[in-house]
Every structure is written in C-alpha cells, then in structure tokens.
Amino acid sequence: AVAKPAVSVLVWFLPLAISYCRFLHTTWKKIPYDASTFLIGIVFCFFGGLYPTLFAALQAAKHSGISTVRMACSALADEALVIIEESKKDDDVDADGDGKADVKQIGKREYAIRKTRLVMAKMNPEKVDSAVASIYKVWLAVAAVLKIQFARTINMALGIAEFINKPVDRFLRPTIQVVVPDEYDRWVPIVLSWITKSIAMSIAWYIQTIISAATSAMQGGLQMARALMRMGRKRGVKFLPADHETYIDEVAAYIFAGLGFYFQFSLHFDVPFPFNWLLWPFELAEWWIRWTITKAD
C-alpha cells in the first residue's frame, strides 16, 4: 500500500540528501585547518555530553578506517543515484503504446515487484557488497573500542538491570500474568526484561553523560584555546607565545570548559525541542550505539 509513495519520496529525497552531504564535505575541506579545529573544539566543548557514544565512535573510526567508510558511502550513493535515474526512466515507459505510463496501470503489488526487479537488474552487486562489508568491518573495530571505553558504564547498566529484575520478577510479573491472557504469558518476562534493561541503560548512560560532558568540555576547550592562539599568531598578535611557553591556553581552556559544561547542564544533557527533531539522525545513532554495545554483553 505504501510502495508507490515510498518510492516517490526516495526518488525526491535521496538525490537532495546525497548532494547536500557532498556539498558539506567539499565545503569542510576548504576551511583552514585552525578554523576547522576551532569548530570541532566547539562541538566537543558544548555538545560532547549530548552524544557521547556517537562522538566516541567518530574518534575511534579515525583510527579504524574512516576513509574506507567515506569511500564506501560514496560508492553506495553512486549506486543509489544510478537506480533513481533508472527508476525515473522506468516511470515513463509505455510498452503497450496506449499513451499512459505502465506504472500507472498496475497494482501496488505489481509495482513493488517491478521496482524490486529494476533494483536487482541495475545495481552493481559486487560494488554494493564490497561497500557494505567495508562499513561493517570498520563498525566491528569501532564497537570493540567502544565496549572497552564504556566497559564501566555497560557493567553498571547490566548490574542495575539485574538488581531491578529481582523485585520485578517477584512482585510485578505475577500480577501482570494474572491480567494477561494465558496464551501471551510467555511474553511477559521477555517484555519486562526489555523494560528493565531500558531503565537500567537510561540510568547508567545518564551518569556516563555527565562524565563525558565534563571530559569533552575540557578536551574541546583546550582545542579551541590553542586553535585561537595559532590563528592569532598567524595574524601577527605578538604577545601570544607558543603553547608550551605559556599558561594562557590552559586558562582559556578552563573558561571554555566551564561554559561548555554549564551549557550542557542547563539543557539537562538533552537536545531541546525543536532541535531534537532537526537532529533526529544523531539522536537515533546515539541510542542505537548505546543499545548495541550494551546488549552485546
């Protein structure tokens, strides 16, 4: 029932998204090194605690093959654009010559089958397989790093979940099983387990968010301070000595870090509305990474 609208949305949205991402990447490469370092410092200083695992994953990916992921994503984007162009051509095909496009004369099921066959015929399977495999290999390396980096948080979440499970199984589970029909009884412990794990994850990761906000604020603050000093020296500000000859960068870093942590604290370590709607891909990625590395244990 949703095949035609979904394809129409993808045909409209994907080229725009791919073009926009490529424009951002090209623009970013043109920014001077010190300016880009300062901007990255701002992100870590003022937003590091909002997406701790996402930023940690990006940091780990730098050492695990982020260039490989970039090339793989570019290859997948190229394949998507090829398929979209072929789909547009297919939408105009009038094989029976009755003056009306064939796709407008078929049912929803036939439409889905037709577009699936088109994708299978026009896609380069070796290219897609290689790109997906490359991304997955990098993710395995990143996940291994994150599990070590956040091992204490993962153990805390699992410990809280185990602690909550005992009273839930003793007091809540029998009550729910009385209310739930007998044929669904076996789902009760599973659903309760999901709920307790979600609660435990929320508690443990909130504590980790506070820690990450403090450490990322200090890291980003120092990055901002030193980038500003380098830009100042390049512009002829003579009273700015080298980083190793002064404490100016450390003092400025503490000021930036304090402002960054207070900013995140004032937001309760959560992105406010409506920015959480605009940044939903980051929100989704953050929670997916948290759940993935926690449930793996």
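Here the structure is a predicted model, which means the values were calculated and not measured.

S.K.: I tried to follow the nonpolar core on my own but got confused; where do I start?
M.R.: The nonpolar side chains of a soluble globular protein tend to be buried with one another. Counting residues in hydrophobic clusters, the biggest one holds 30 residues, and the most contacted among them are Y51, V142, L146, F150, I289 and I293. Elements represented by at least two residues in this core include exactly helix 3 (52-64), helix 6 (125-149), helix 7 (151-179), helix 8 (187-234) and helix 11 (280-295). Contacts of L146, omitting those with residues within four sequence positions, involve T53, A56, A57, A151, I289 and I293. Counting nine residues, the second-largest nonpolar core is a separate cluster that includes M224, A227, M231 and F256.

S.K.: Help me understand the environment of P15, please; the structure alone is not making it clear to me.
M.R.: Along the chain, the position of P15 falls in helix 1 (residues 3-30). The sequence separation of P15 and A80 amounts to 65 residues, and the corresponding C-alpha distance is 8.3 Å.

S.K.: Any chance you could explain the side chain of T53 here in plain terms?
M.R.: Examined against the element boundaries, T53 turns out to sit in helix 3. Residues within four places of T53 in sequence aside, it is in contact with L146, F150, W205, E286, I289 and R290.

S.K.: Is there a simple way to think about helix 5 (residues 108-122) in this case?
M.R.: Owing to its 3.6 residues per turn, the α-helix brings residues three or four apart onto one side. A rise of 1.5 Å per residue sets the reference length of helix 5, with its 15 residues, at 21 Å; its end C-alpha atoms lie 21 Å apart and thus fit the reference within 8%. Buried residues of helix 5: Y111, K115 and L118, and no others. Buried positions in helix 5, seen along its axis, are confined to an arc of 55 degrees and lie on one side of it. Turned more than 90 degrees from where helix 5 packs its buried face, R109, R117, M120 and A121 sit exposed.

S.K.: How should the packing of aromatic side chains be read in this particular structure?
M.R.: The description of two aromatic rings rests on the distance between their centres and on the angle between their planes. Counted by the stated rule, this structure contains 10 aromatic pairs. On the numbers, 5.7 Å between centres and 80 degrees between planes, the contact of F47 with F263 is edge-to-face. You can see F47 sitting in helix 2 (residues 33-47) and its partner F263 sitting in helix 9 (residues 248-266), a full 216 residues away along the chain. For F47, a relative accessible area of 33% puts it in the partly exposed group. A residue is classified by how much of its surface remains accessible, and F263, at 30% relative accessible area, is partly exposed. Summarising the aromatic geometry, the rings of Y51 and F55 are spaced 6.2 Å apart at their centres and angled 80 degrees between planes, so their arrangement reads as edge-to-face.

S.K.: Would you mind showing me how to read the pattern of salt bridges here?
M.R.: Opposite charge on two side chains lets them pair, provided their charged atoms get close. Tallied over the entire structure, the rule returns nine salt bridges. With its nearest N and O atoms 2.7 Å apart, the salt bridge here joins D34 to K234. You can see D34 sitting in helix 2 and its partner K234 sitting in helix 8, a full 200 residues away along the chain. Note on D34: relative accessible area 5%, which makes it buried. Take K234: its relative accessible area is 64%, and that puts it in the exposed class. Between R226 and E250 there is a salt bridge, with the nearest N and O atoms lying 3.9 Å from each other. Of this pair, R226 sits in helix 8 while E250 sits in helix 9, and the two are 24 residues apart along the sequence. Its relative accessible area of 28% is what places R226 among the partly exposed residues. Here E250 falls in the partly exposed class, since its relative accessible area comes to 26%.

S.K.: It is not clear to me how a nonpolar patch on the surface should be interpreted in this structure. Could you clarify?
M.R.: Taken together, Y184, W187, I190, V191, W194, I195, I199, I203, I207 and I211 make up a surface patch of nonpolar side chains, about 920 Å² in accessible area. Look at I203 and you get partly exposed, because its relative accessible area is 38%.

S.K.: Mind showing me how you'd approach unusual backbone geometry here?
M.R.: Even without a glycine there, the phi angle at H268 is positive, about 60 degrees. The residue H268 is located in the loop between helix 9 and helix 10 (275-278) in this model. The exposure class assigned to H268 is exposed, which follows from its relative accessible area of 61%.

What counts as what
Residues numbered from 1 in each chain as written. Predicted model: local features only at pLDDT ≥ 70, side-chain atom pairs only at ≥ 80, totals over all residues. Heavy atoms only, no water. Core = buried A, V, L, I, M, F, W, Y, C linked by side-chain atoms within 4.5 Å. Buried < 20%, exposed > 50% of the residue type's maximum accessible area, 1.4 Å probe, protein only. Helix = DSSP H or I, 4+ residues; strand = E, 2+ residues; numbered from the N terminus. Contact = heavy atoms within 4.5 Å. Expected span 1.5 Å × (residues − 1). Arc of directions from axis to C-beta. Phe/Tyr/Trp six-rings, centres within 6.5 Å; stacked < 30°, edge-to-face > 60°. Salt bridge = Lys/Arg side-chain N within 4 Å of Asp/Glu carboxyl O. Patch = residues over 30% accessible without salt bridge, like charges linked within 9 Å, V, L, I, M, F, W, Y side chains within 5 Å. Areas by Shrake-Rupley, 256 points an atom, 1.4 Å probe, with all protein chains shown as cover.

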